[in-house]
Amino acid sequence: MIEVDGDPMEPLLSSGDHILIDVSRTVPAPPGIFVIWDGIALVAKRIEHVPHSDLPRVVLKSLNPEYDSHERPATEVRVVDCVLWVSRRL
């Protein structure tokens, strides 16, 4: 279980929420919310495969419209786990 820090995945995940992760799911298929290592920290993103790309590519999406999506080669994305469950304070 890890704590969310920041608002890129709002309204689904808010800062201070705790997410339960499945470390056995490191391949982003089917698309969903995954925790990835971005080279600096662990971040939660929606990951989708880019159809019909010559080299496998994925799109990393934030749910908050204030943040841009990023397309990357699939080999550059280090998926740590899949988000299964969220808990938040009322």
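Everything quoted here is computed from the prediction, not taken from an experiment.

Draft legend 1. A look at the overall build of the protein. Check the secondary structure of the protein and you find zero helices and seven strands. Overall, the protein shows an N-to-C arrangement of helices and strands of β-β-β-β-β-β-β. Over its C-alpha atoms, taken along the principal directions, the protein stretches across nearly 45 × 30 × 25 Å. Taking all 90 residues of the protein together, 30% fall into the buried category. A fraction of 45% describes how many contacts in the protein between residues 6 or more apart in sequence connect residues 24 or more apart.

Draft legend 2. Quick look at a nonpolar patch on the surface. Residues Met1, Leu20, Leu84 and Trp85 make up a contiguous nonpolar surface patch of about 420 Å² in total accessible area. Considering the arrangement of structural elements, one finds tryptophan 85 in strand β7 (residues 78–87).

Draft legend 3. The arrangement of the nonpolar core in detail. Val4, Met9, Leu13, Ile19, Ile21, Ile33, Val35, Ala44 and Val83 form the largest nonpolar core, which has nine residues in total. When sequence neighbours within four positions are dropped, the list of residues in contact with methionine 9 reads Ile33, Ala44, Lys45, Arg46, Lys61, Ser62 and Leu63. Within the second largest apolar cluster, eight residues are counted, among which are Ile36, Leu60, Val77 and Val79.

Conventions adopted
Residues numbered from 1 in each chain as written. Predicted model: local features only at pLDDT ≥ 70, side-chain atom pairs only at ≥ 80, totals over all residues. Heavy atoms only, no water. Helix = DSSP H or I, 4+ residues; strand = E, 2+ residues; numbered from the N terminus. Buried < 20%, exposed > 50% of the residue type's maximum accessible area, 1.4 Å probe, protein only. Contact = heavy atoms within 4.5 Å. Patch = residues over 30% accessible without salt bridge, like charges linked within 9 Å, V, L, I, M, F, W, Y side chains within 5 Å. Areas by Shrake-Rupley, 256 points an atom, 1.4 Å probe, with all protein chains shown as cover. Salt bridge = Lys/Arg side-chain N within 4 Å of Asp/Glu carboxyl O. Core = buried A, V, L, I, M, F, W, Y, C linked by side-chain atoms within 4.5 Å.

Scope: geometric values only; no functional claims are made or implied.
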